[in-house]
Amino acid sequence: KRSPKFADGTVLYEGELNRAIVQRIDSACNAAGIDSIILVPEEEDISLKERVQRANDFYKVDKRAVYLSVHANAFGNDWNSAHGWSCYTSKGETRSDQIATIFYRMMAAEFPEERMRKDNADNDPDKEADFYVLKKTAMPAVLTENFFMTNSTEAVMLLNEDIRDRIADAHMDAIYYLSKSS
């Protein structure tokens, strides 16, 4: 996915953004002594099936593992059709819902001025979806949608290195909290 083209020709590519944030999270985990692994270190995309297989292989070795999938959201080509941050889990009540709530709290604390999209239908803020990586991983799994690259204001935010740091920091705050509570 990618953003619409800015007037100056700039385009925000989701893959580049995701890798930049994941790299920050991984470095912070290493500095904090928290085990982490980047499941997709390649520059080219890999299949969802391969991602899940890699995650499940890792889970066989470490049952404390949590699958975190980092993304930027998109909706159509209208620059301002949707906005906000959200976190997804698979359908139904699982440990993933509790983990998603921690990510939600940390992002809301880091970005109090931004919209936090949520679904309180089951009394927690995460949205539930049948995303392959959420359904097929053996461990708890969450997928964060870090604002909309198809929203002009949020796309500009996502190009900013300080905002990327803040997104990674909020994710790391959640990971650190989870590592201390498990």
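Up top is the structure.
Below: a short report on this structure. For clarity, every value in this text was computed on a predicted model and none was experimentally measured.

## Side note on the packing of helix α1 (residues 14-32) against helix α6 (residues 161-181)
The geometry of α1 relative to α6 is characterised by a closest axis approach of 9 Å and an angle of 50° between their N-to-C directions. In terms of orientation, α1 and α6 fall into the oblique class. The two elements α1 and α6 meet at a crossing, and its hand is right-handed. Where α1 abuts α6, its residues E16, L17, A20, I21, R24, I25, A28, C29 and A32 lie against E161, R164, D165, I167, A168, H171, M172 and I175. Looking at side-chain class alone, the contact of α1 with α6 contains 11 nonpolar, one polar and five charged residues.

## What to know about α1
The end-to-end C-alpha distance of α1 is 27 Å, a good match for the 27 Å that 19 residues give at a rise of 1.5 Å each. Taken together, the buried positions of α1 are E14, L17, N18, A20, I21, I25, D26 and C29. Elements in contact with the buried residues of α1: β1 (67-73), α5 (152-159) and α6. G33, located one to two residues past α1, shows a positive phi value of around 75°.

Conventions used here
Residues numbered from 1 in each chain as written. Predicted model: local features only at pLDDT ≥ 70, side-chain atom pairs only at ≥ 80, totals over all residues. Heavy atoms only, no water. Axes fitted to C-alpha atoms, helices over the stretch in contact; angles between N-to-C directions. Helix = DSSP H or I, 4+ residues; strand = E, 2+ residues; numbered from the N terminus. Parallel < 35°, antiparallel > 145°, perpendicular 65-115°, else oblique. Left-handed = near helix turned anticlockwise from the far one by under 90°. Contact = heavy atoms within 4.5 Å. Nonpolar A, V, L, I, M, F, W, Y, C, P; charged D, E, K, R; others polar. Expected span 1.5 Å × (residues − 1). Buried < 20%, exposed > 50% of the residue type's maximum accessible area, 1.4 Å probe, protein only.

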